[in-house]
Amino acid sequence: LGPGRVEVDGVELHVLLPEDARGAIRLGCYAHDVLLANTPPVELSARNVLSTRIASIVPAERAVLVEVERPRLRAILTAEASAALRLREGAEVVVVIKATALSFLGTT
């Protein structure tokens, strides 16, 4: 879309890219770098703040793996954080990802 901007699942994301990156690319990020909130945060350094819905929640011992719809991402949270946010499948949620947390994995 332009310098440091890409489209994933119809959603614009800010990401650090090599200057020669062109066309279809692959990106990745760790689930522990994806934050969830019930309301959009204000005055935040993270460039990616997106509203989406929760597609699934999978308990994993003392953690919870949450997958969101668009863009297709996963976040891992403590069970306590999930309970505090009252997360449930189908609920609206705000995803926060720093541009530097998205890694360029090459072209497709």
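The rules behind the values
Residues numbered from 1 in each chain as written. Predicted model: local features only at pLDDT ≥ 70, side-chain atom pairs only at ≥ 80, totals over all residues. Heavy atoms only, no water. Helix = DSSP H or I, 4+ residues; strand = E, 2+ residues; numbered from the N terminus. Rg over C-alpha atoms; globule rule 2.2 N^0.38 Å. Buried < 20%, exposed > 50% of the residue type's maximum accessible area, 1.4 Å probe, protein only. Areas by Shrake-Rupley, 256 points an atom, 1.4 Å probe, with all protein chains shown as cover.

Let's shift gears to the overall build of the chain. Along its length, the chain carries one helix and nine strands. If you list the helices and strands of the chain from N to C, you get β-β-β-β-β-β-β-α-β-β. Taking 108 residues into account, the globule formula puts the C-alpha radius of gyration at 13 Å, and the chain, at 14 Å, falls close to it. With respect to the principal axes defined by its C-alpha atoms, the chain has extents near 45 × 30 × 20 Å. Buried positions account for 32% of the 108 residues belonging to the chain. For the chain, the exposed area adds up to about 6900 Å²; of that, 51% sits on carbon and sulfur atoms.

Here the focus is unusual backbone geometry. Residue Pro71 is bonded to the preceding Arg70 through a cis peptide linkage, with omega at -5 degrees. Tracing the backbone through its elements, the reader meets Pro71 in the loop between strand E6 (63-68) and strand E7 (73-78). Unlike most non-glycine residues, Asp9 shows phi in positive territory, near 55 degrees. Under the relative-accessibility criterion, Asp9 is labelled partly exposed at 43%. Notably, Arg86 is not glycine yet its phi reads approximately 55 degrees, a positive angle. When you line up the elements, Arg86 lands in the loop between helix H1 (79-85) and strand E8 (92-97). What makes Arg86 exposed here is its relative accessible area of 63%.

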